[in-house]
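Below, each chain spelled out in residue letters.
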Amino acid sequence: MILFALAAGGGSIAYVPLLTVLLPLKITTLMGTEDVSALARVTFYGAVIASLANIVFGILSDRSRNRTAWILAGLATSSALLIAIGYASNLIELIMLVMLWQIGLNMMLGPLLAWAGDCVPDCQKGQLGGYLAVAPAMGAVAGSLVTFELLVGVEWRLTAVAALVVVLVLPAVIFGRRQARPELRRPVERSDENVVRGDHSRSIIIRMWLARFLVQIAEAGLFAFLLFWLRSIVADFHENTAANIFSIVLIISVPLSLWLGRWSDQHARPIAPLALCAALSAIGLVLMAFANELPLAITGYVLFGIAATIFLSLHTGQTLRVLPKPQHRGRDLGVFNLTNTVPSLVMPWLTLTLVPSFGFAALFALFSALAALAAGLLATVPKSSNSLDS
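A brief look at the structure comes next. Fair warning: this is a prediction, and the values are worked out from it, not measured in the lab. In this convention, every chain numbers its residues from 1, walking through the sequence in written order. In view of the model being predicted, local features appear only for residues whose pLDDT reaches at least 70, and side-chain atom pairs are presented and counted only at 80 or more, with totals across whole chains, interfaces and linings using the full set of residues. Side-chain descriptors were evaluated using all non-hydrogen atoms of the structure, hydrogens and water having been removed beforehand.

**Re the overall build of the chain**
Starting at the N terminus, helices and strands are each numbered in turn, a helix being any DSSP run of H or I of at least four residues and a strand any DSSP run of E of at least two. The number of helices and strands found in the chain is 15 helices and zero strands. Exposure categories follow from relative accessible area, calculated using a 1.4 Å probe and restricted to protein chains: below 20% of the type maximum is buried, above 50% is exposed, and the middle band is partly exposed. For the chain, the proportion of its 390 residues judged to be buried stands at 57%. In what follows, residue pairs with any heavy atoms lying within 4.5 Å of each other are defined as contacts. Considering only residue pairs separated by 6 or more positions, the chain has 84% of its internal contacts joining residues 24 or more positions apart. Note that accessible areas follow from Shrake-Rupley with a 1.4 Å probe, and for residues the cover is restricted to the protein chains shown. Total accessible area on the chain is roughly 15700 Å²; 66% of this is exposed by carbon and sulfur atoms.

What follows is the structure in structure tokens.
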């Protein structure tokens, strides 16, 4: 799990610094202004490709039964394209490179997560989710490091990111090849599903998909527009300060995620922490909606960021636990990955609709309502199926 956590951290580093800080800065360089519309277009087209690519490469890794080959191919492709993004000379070229990069990135990430399901037994899925909280924290720290001008020159930022990804992903591929458990990949036929997962499996899967989708809409909005929102409060807010706040939030989330993940395994209550974190996310968004000054804004974001990070990390581990057919794990995770990418399709247009007319407050109020709905979906899961041990 430690090797996988490092690899997942490498996967996070592959996109977090780019999408949160470096891509907005690249657009500012190309367009001459902090263009929300241009960022929305790049995010939208990249998310479309990511949605399709994750499912396709999940299926291919299922059929080939060789996850690591796809991980390595995706690592090489996405790293090269990440560096190429820095050389884009216009918006159309930038959009094309981001789309191609998303293909390579999901060639790596899709099989990587499915590989975790091949290696970690169900009784440790909560702990696995806790370890996965390390990934976004590492991505955020990398964002802070590569935007620290005394450490990494502006022209070397994307190259430094690509190098970090390679260093973190390769050890898992090299040393983890023999960790897969054959019993975790044993095919399950349709007639066996109820015996293996219990009568409430389909209901839980649907609720978990919807809950993650709702929380991810809010998370995607903050992920892409955090810097622009902070600059709407303080005009000269520095990108490195934004990256540092993002990093601190995610670092704090790691020990809390590990504790809650172990608690959910020990008490066979995987859904309860998810419902709690969704509710806390909603409260943080309410504070952000009413924030007119920096202290309250940062307080709301910290609460939202910690709760949402714990939610998403633990949710990923429990998703691996409830999927009914190991032989289609990569495909099914690709479908769950739509909860990560489809919000990136919805969120830019919500932003363009609400922010120009009503400001960020209206957007955050909507996000809060969605997170509260997610909490309700999970809080009402029947206790008889909450343990997922059927």
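**Remarks on unusual backbone geometry**
Note: most residues except glycine have negative phi, and most peptide bonds are trans. Phi at A268 takes a positive value of approximately 55°, unusual for a residue other than glycine. With respect to the helices, strands and loops of the structure, A268 is situated in the loop between α10 (239–267) and α11 (271–289). Residue classification places A268 among the buried residues on the basis of a relative accessible area of 19%.

**Structural notes on the nonpolar core**
Proteins that are soluble and globular tend to have nonpolar side chains buried together. Counting 119 residues, the largest nonpolar core has L222, W229, Y301 and F364 as its most contacted members. The element contributing the most residues to this core is helix α9 (residues 201–233), with 17 residues. Excluding residues within four positions of it along the chain, W229 makes contact with L222, M288, A297, Y301, F360 and F364. Buried Ala, Val, Leu, Ile, Met, Phe, Trp, Tyr and Cys residues form a nonpolar core when they are joined through side-chain atoms within 4.5 Å.

**Let's talk about helix α12 (residues 294–322)**
An α-helical turn contains 3.6 residues, so a residue and the one three or four places further along point in the same direction. Taking 1.5 Å per residue, 29 residues should reach 42 Å; α12 reaches 41 Å between its end C-alpha atoms and fits that length. Burial within α12 is extensive, with 22 of its 29 residues counted as buried. Here the expected length of a helix is defined as 1.5 Å per residue gap, with one fewer gap than residues.

**Examining the side chain of T339**
Its place among the elements puts T339 in helix α13 (residues 329–358). N or O atoms within 3.5 Å of each other form a polar contact, as long as, within protein, one can give a hydrogen and the other can take it, and as long as residues adjacent in sequence are counted only when both atoms are side-chain atoms. Engagement of the side chain of T339 in a polar contact is seen with the side chain of R212, the distance being 3.4 Å. In terms of polar contacts, T339 uses its side chain to reach the backbone carbonyl oxygen of F336, at 2.5 Å. If we skip the residues at most four places from it in the chain, T339 touches W209, R212, F213 and Q216.

**Comments concerning the packing of helix α3 (residues 67–85) against helix α7 (residues 157–175)**
For the pair α3 and α7, interaxial distance at closest approach is 9 Å and the crossing angle is 170°. The pairing of α3 with α7 is recorded here as roughly antiparallel in orientation. Across from T68, I71, L72, L75, S79, L82, I83 and I85 in α3, the residues of α7 making contact are L158, T159, V161, A162, V165, V166, V169, L170 and V173. Residue polarity follows a fixed list, in which Ala, Val, Leu, Ile, Met, Phe, Trp, Tyr, Cys and Pro are nonpolar, Asp, Glu, Lys and Arg are charged, and the others, Gly among them, are polar. Class assignment of the residues belonging to the contact of α3 with α7 gives a composition of 14 nonpolar, three polar and no charged. The angle between two axes is taken between their N-to-C directions and runs from 0 to 180 degrees, where each axis is a line fitted to C-alpha atoms and a helix contributes only its stretch in contact. Each angle receives one of four descriptions, namely roughly parallel if under 35 degrees, roughly antiparallel if over 145, roughly perpendicular if within 65 to 115, and oblique otherwise.

**Here we look at the pattern of salt bridges**
By definition, a salt bridge exists where a carboxyl oxygen of Asp or Glu is found within 4 Å of a side-chain nitrogen of Lys or Arg. Applying the stated criterion to the full structure yields two salt bridges. The shortest N-O distance in the salt bridge between D62 and R67 comes to 2.8 Å. Exposure class is identical for D62 and R67. Each is buried.

**Concerning a nonpolar patch on the surface**
The grouping of V141, L145, F148, L150, L151 and I251 at the surface amounts to a nonpolar patch, some 570 Å² of accessible area in total. Tracing the backbone through its elements, the reader meets L150 in the loop between α6 (134–146) and α7. Taking the relative accessible area as the measure of exposure, L150 reaches 77% and is therefore exposed. By definition, no residue in a patch forms a salt bridge, and every one has over 30% relative accessible area; like charges are joined within 9 Å, nonpolar side chains (Val, Leu, Ile, Met, Phe, Trp, Tyr) within 5 Å.

**A look at the packing of aromatic side chains**
For Phe, Tyr and Trp, rings pair up if their centres lie within 6.5 Å, where Trp contributes its six-membered ring, and each pair is then called stacked (planes under 30 degrees apart), edge-to-face (over 60) or tilted (otherwise). Counted according to the given criterion, the structure contains five aromatic pairs. Consider the rings of W209 and F213, whose centres lie 5.4 Å apart with planes at 20°: the pair is stacked. Placement of both W209 and F213 in helix α9 is noted, with a separation of four residues, approximately one turn of the helix. Overall, W209 belongs to the partly exposed group, its relative accessible area being 23%.

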